[in-house]
Amino acid sequence: MRVADVVWIATALLSRESPDREHFTVEEIVKRGLSEELPGAERPGVQAHAYLHCIANKPPNPGNYRMLFATGKNTRRLFQPGDIAHPLRKGKTMPRASEIPSKYIELLQWAERRSANSAARKAKVVDPILALRGLGREIWADEDADAYVERLREGWN
């Protein structure tokens, strides 16, 4: 199994188990991978991937995955729709089902549902300036716009 996929699975497991937490430390991610006995979790590259290679908002070095998002120097969370990624990062955001043990397919489905819900919530956010559209229209409902402006300009001479 790819080291990046180990990091994503460990982070996704932590996220699902602790939905009230915003992020996790790199150490927690590495330990979760080891405690899950994920194939390859004992490899030294796991920590490097959790620090840098899987992080969407850091320059690629050399990996270009977008699996995690750095919320601090040592804290990470799963990458979500709407997150800003470094422009050179074009890699995958989660493992491919064909490349991970079948027992984690349900975890991929959970993450896809979570991402869809996150995207839907973000889509409902209204721009505060655009939300003002139509505000006060009742003030001019019974008056022609030109007549209103003309009335305002009376006495300007």
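Residues numbered from 1 in each chain as written. Predicted model: local features only at pLDDT ≥ 70, side-chain atom pairs only at ≥ 80, totals over all residues. Heavy atoms only, no water.

Draft legend 1. Structural context of the overall build of the protein chain. When helices and strands are counted, the protein chain shows 5 helices and 3 strands. The helix and strand sequence of the protein chain, counted from the amino end, reads α-β-α-α-β-β-α-α. Relative to a compact globule of 157 residues, whose C-alpha radius of gyration would be 15 Å, the protein chain shows 24 Å and is clearly more extended. Taking the principal axes of the C-alpha coordinates as reference, the protein chain spans close to 85 × 30 × 25 Å. The buried share of the protein chain, reckoned over its 157 residues, is 36%. Pairs at least 24 apart in sequence give 58% of the contacts found in the protein chain among residues at least 6 apart. Surface summary for the protein chain: the accessible area is close to 10,000 Å², and the carbon and sulfur share equals 54%. Side-chain charges of the protein chain comprise 25 positive and 21 negative groups, with the mean position of each set lying 10 Å from the other. (Helix = DSSP H or I, 4+ residues; strand = E, 2+ residues; numbered from the N terminus. Rg over C-alpha atoms; globule rule 2.2 N^0.38 Å. Buried < 20%, exposed > 50% of the residue type's maximum accessible area, 1.4 Å probe, protein only. Contact = heavy atoms within 4.5 Å. Areas by Shrake-Rupley, 256 points an atom, 1.4 Å probe, with all protein chains shown as cover. Lys, Arg positive; Asp, Glu negative; His and termini not counted. Charge placed at Lys NZ, Arg CZ, Asp CG, Glu CD.)

Draft legend 2. Local environment of the pairing of strand β3 (residues 75–78). Two strands pair when backbone bridges link them, and strand β1 (residues 24–25) and β3 are joined in this way by 2 bridges, in the antiparallel orientation. Along β3, the bridge assignment pairs F24 with R76. Here 3 bridges tie strand β2 (residues 68–70) to β3, and the two strands are oriented antiparallel to one another. Along β3, the bridge assignment pairs L68 with L78. What sits between β2 and β3 in their antiparallel hairpin is a turn of 4 residues. (Pairing = 2+ DSSP bridges.)

Draft legend 3. Geometry of the environment of I84. Structurally, the position occupied by I84 is in the loop between β3 and α4 (105–124). Taking C-alpha positions, I84 is 29 Å from R43, a pair spaced 41 residues apart along the chain. Leaving out residues up to four positions away in the same chain, I84 has contacts with N57 and F69.

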